[in-house]
Amino acid sequence: MSDRWYQQAVVYCLDIDTFADSNGDGCGDIPGLIGRLDYLARLGVTCIWLNPIHPSPDRDDGYDVADFYNVDPRFGTLGDFAELLHQAGNRGIKVIIDLVVNHTSDKHPWFVSARSSPDSPYRDWYVWSETEPADRKQGMVFPGEQSETWSYDRTAKLWYYHRFYKFQPDLDIRNPEVRAEIKKICAFWLQLGVAGFRMDAVPFIIEETDPGNPDSPKDFDFLTELRQHVQWRRSDAVLLAEANVEPTQLVTYFGDEGGSGNRIHMLFDFLLNARMVLALAREDPEPIIDALRDTPKLPAGGQWATFLRNHDEIDLSRLTAEQRADVFAKFGPDPQMQLYGRGIRRRLAPMLGNDRRRLELAYALQFSLRGTPVLRYGEEIGMGDDLALEGRDAIRTPMQWSGLPNAGFSTAAPDQLVRPVVRDGDFGYDKVNVTRQRHDASSLLSWFERMIRTLREAPEVGTGSCSHVDVPAPRGLLVHRADDDTGTMLFLHNLGPREVTADLSSIGAEAELPNDVLADQEYPEPGKLADLPVAGYGYRWIRMRRTA
Ligand code: GLC
């Protein structure tokens, strides 16, 4: 079997500040997370992705780093972090951290020094322009919250570039010292024992920004260099990149066209994300079939990371206006549910009307599609959101552990919490919490545990090929399969509300002793696959074949 662990992983994404507070100061911390590792192990998680852990003014939830070589004191110390790595390792769980090196915080000592004087050793670490760049008001990532990408710095008497917020000046990747520093940052954390990095904003990291050119060239060689460096330092380390780019550009992030995978190991599949959401909204599998067909072939070792929800808005910008309108109408009709004109700032459970069948369907679908599944904390219990919070914070509320005050997240006074817990309504912590679901074998949490265990017995999903089974299927039904030399799994997901029956006898001969390994309910034995009923919003994972 492949020892590329990331192809068989279940990644769980969390932000330390909202996960578990051990010292009652209202902010989650590393000891708190250590105390919950058994929970994650039981769930079946094999890799934790931590949102930024570094000291930060915290104006972009930690994505504005002020010191790459330390841990935010609110979370604990480097010593606590080393202990986390050890304790996670004991449970077979790897830890990857966010690597946010497109920019720093404007409070980072490098930028403070850079702007202070032309003689600063850090002056050339950032991207400057003496004159007002013509593209100053182009390329904003956060429209509505950000009005320009070049701002004037009165101290330096220069314009500086920031792809994101004004307080996040971009580092200049053309500068060899910056490149060396990024490698040093990676080496530092690898030396401590992290298993790799979720690389933030990769298309912007490699941008060789020229003032006045909104479409500056990209230096993919830097990714090749970084990959080599990382792999020398820790041979099984992975890079998991955020690169939400045009489909035609995707493969270049993995490696040279037609060449080997010499750059990023894993990319988040933004394309599939939007198409899955569209398919769920339309109750029609066509967008997913399109996505499976259109996805470029990856170099060996390249892997997709699938997700339904991450810590940002659900980005629908690559859908057509009509498709986007359909998703908004179904899942985010109220303008306050939408963000940046392109996305939805809700969690999945409220989007799906808290309908247990559709939640299972959505996650069964994501986890069975090709790639490595990434799950955001709280989704496994069907947490809700808080639209009263600003922007993306709506889905960043504290983890709901129990019916205790503050959802068992913290013993601090409620107004001391890093963010309020969801208290009222269907998603209030008295209704939605881990403890309650732990005691209920039919809960969503118990289902997730079962589903993930089942996935672990189906290695072909992570490592094999994934293809649409192109047979006449009833409306609403997606049939796909995963194959590798360990066996074959067949998947039926009914996106529509009505029961359908599929006739898959044309591939029946391939099955040895087909049986349902996961399904929304008991179904009759699949037999020769000629008569396979699937309930409305139901699903069946059928093992077709397994080699010894
Ligand atoms: C990425 C992160 C997002 C952050 C931005 C700036 O897109 O996912 O949360 O705000 O980068 O670092």
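Not measured: the values here are computed from a predicted model.

Peer 1: In this structure, what is going on with the side chain of Glu242? I would like to understand it.
Peer 2: One can find Glu242 in the loop between strand 8 (238-241) and helix 8 (250-254). Polar side-chain contacts of Glu242 include one of 2.8 Å to the backbone nitrogen of Ala201. Not counting residues up to four positions away in its chain, the partners in contact with Glu242 are Arg198, Met199, Asp200, Ala201, Val202, Pro203, Phe268, Phe270 and Asp312.

Peer 1: I keep staring at the site of the ligand and nothing clicks. Help me out?
Peer 2: In the vicinity of the ligand, the contacting residues are Asp60, Tyr63, His103, Phe142, Phe164, Arg198, Asp200, Glu242, His311, Asp312, Arg392 and Arg396. Asp60 places a side-chain nitrogen or oxygen 2.6 Å from an oxygen atom of the ligand. Contact distances for the ligand include 3.1 Å between an oxygen atom and a side-chain N or O atom of His103. The residue makeup of the shell around the ligand, split by class, is 3 nonpolar, 2 polar and 7 charged.

Peer 1: I'm lost on the UniProt feature "domain: Glycosyl hydrolase family 13 catalytic" (unreviewed entry) in the chain in this one. Help?
Peer 2: The feature "domain: Glycosyl hydrolase family 13 catalytic" (unreviewed entry), as given by UniProt, occupies residues 13-396 in the numbering adopted here. Summarising residues 13-396: 32% helix, 12% strand, and an end-to-end C-alpha distance of 12 Å.

Peer 1: Is there a simple way to explain the pairing of strand 21 (residues 539-546) in this structure?
Peer 2: Residues in a regular strand point their side chains to alternate faces of the sheet. Most of strand 21 is tucked away: 6 of the 8 residues are buried. Direction of pairing for strand 19 (residues 515-519) relative to strand 21: antiparallel, over a ladder of 4 bridges. Note that in strand 21 the partner of Ala519 across the bridge is Arg540.

Peer 1: When you look at the environment of Leu444 in this model, what are you seeing that I'm missing?
Peer 2: Within the secondary structure layout, Leu444 lies in helix 15 (residues 444-456). With a relative accessible area of 7%, Leu444 lands in the buried category. Separated by 42 residues in the primary sequence, Leu444 and Thr486 have C-alpha atoms spaced 29 Å apart. With residues up to four places along the chain from it excluded, the contact list for Leu444 reads Arg356, Leu359, Glu360, Glu379, Glu380, Ile381, Gly382 and Gln437.

Peer 1: Hey, could you run me through the sheet that holds strand 13 (residues 343-344) in this one?
Peer 2: Strand pairs in the sheet, formed through backbone hydrogen bonds, run parallel or antiparallel to each other. The strand order across the open sheet built from 3 strands is 11-13-12, with neighbouring strands paired in antiparallel fashion. A strand with exactly one partner marks an edge of an open sheet, and here the two such strands are strand 11 (314-315) and strand 12 (338-339). As paired elements, strand 12 and strand 13 share 2 bridges and run antiparallel to each other. Bridge pairing in strand 13 links Leu339 to Gly343.

Peer 1: Explain helix 3 (residues 78-90) to me, please; I cannot follow it from the model alone.
Peer 2: Note that an α-helix has 3.6 residues per turn; residues three or four places apart therefore point the same way. The terminal C-alpha atoms of helix 3, which comprises 13 residues, lie 18 Å apart, in line with the 18 Å expected from a rise of 1.5 Å per residue. Among the residues of helix 3, Phe81, Leu84, Leu85, Gln87 and Ala88 are the ones counted as buried. Against the buried residues of helix 3 lie helix 1 (30-34), helix 2 (37-43), strand 2 (47-50), strand 3 (94-99) and helix 5 (176-192). N-cap assignment for helix 3: the residue whose side-chain oxygen lies 3.2 Å from the backbone N of Gly79 is Thr77.

Peer 1: I keep staring at the nonpolar core and nothing clicks. Help me out?
Peer 2: It is characteristic of soluble globular proteins that their nonpolar side chains tend to be buried jointly. Counting 157 residues, the largest nonpolar core has Tyr12, Leu40, Leu50 and Phe81 as the members making the most contacts within it. For this core, the element with the most residues is helix 9 (residues 270-282), which contributes 9 residues. Once residues lying within four places of it in the same chain are set aside, the contact partners of Phe81 are Ile30, Leu50, Ile53, Val71, Ile97, Trp189, Leu192 and Val194.

Peer 1: Sorry if this is basic, but what is going on with the packing of aromatic side chains here?
Peer 2: A ring pair, where both rings are aromatic, is described by two values, the distance of the centres and the angle of the planes. All chains considered together, the criterion is met by 35 aromatic pairs. Plain terms: the ring middles of Phe111 and Trp128 are 5.8 Å apart, the flat faces sit at 10 degrees to each other, and that makes the pair stacked. On the criterion of sequence distance, the pair formed by Phe111 in helix 4 (residues 109-116) and Trp128 in strand 4 (residues 128-129) is long-range, its members being 17 residues apart. Neither residue differs from the other here; Phe111 and Trp128 are each classed as buried. Measuring from centroid to centroid gives 5.6 Å for Phe164 and Phe204, while their planes differ by 80 degrees, and the two rings are edge-to-face. Placement of the pair is Phe164 in the loop between strand 6 (158-161) and helix 5 and Phe204 in helix 6 (residues 202-205), with a sequence separation of 40 residues. Members of the aromatic cluster, joined through ring pairs, are Phe142, Phe164, Tyr165, Phe167, Phe204 and Tyr340. A cation sits over an aromatic face here: Arg36 above Trp401, 3.9 Å from the ring centre. If you follow Arg358 out to its NZ or CZ, it ends over the ring of Tyr537, 5.5 Å from the centre.

Quick notes on the rules
Residues numbered from 1 in each chain as written. Predicted model: local features only at pLDDT ≥ 70, side-chain atom pairs only at ≥ 80, totals over all residues. Heavy atoms only, no water. Helix = DSSP H or I, 4+ residues; strand = E, 2+ residues; numbered from the N terminus. Polar contact = N/O pair within 3.5 Å; in protein donor to acceptor, adjacent residues only side chain to side chain. Contact = heavy atoms within 4.5 Å. Near = heavy atom within 4 Å. Nonpolar A, V, L, I, M, F, W, Y, C, P; charged D, E, K, R; others polar. UniProt positions renumbered as here; feature names shortened; annotations may be inferred. Buried < 20%, exposed > 50% of the residue type's maximum accessible area, 1.4 Å probe, protein only. Pairing = 2+ DSSP bridges. Expected span 1.5 Å × (residues − 1). Core = buried A, V, L, I, M, F, W, Y, C linked by side-chain atoms within 4.5 Å. Phe/Tyr/Trp six-rings, centres within 6.5 Å; stacked < 30°, edge-to-face > 60°. Lys NZ or Arg CZ within 6 Å of the ring centre and 35° of its normal.

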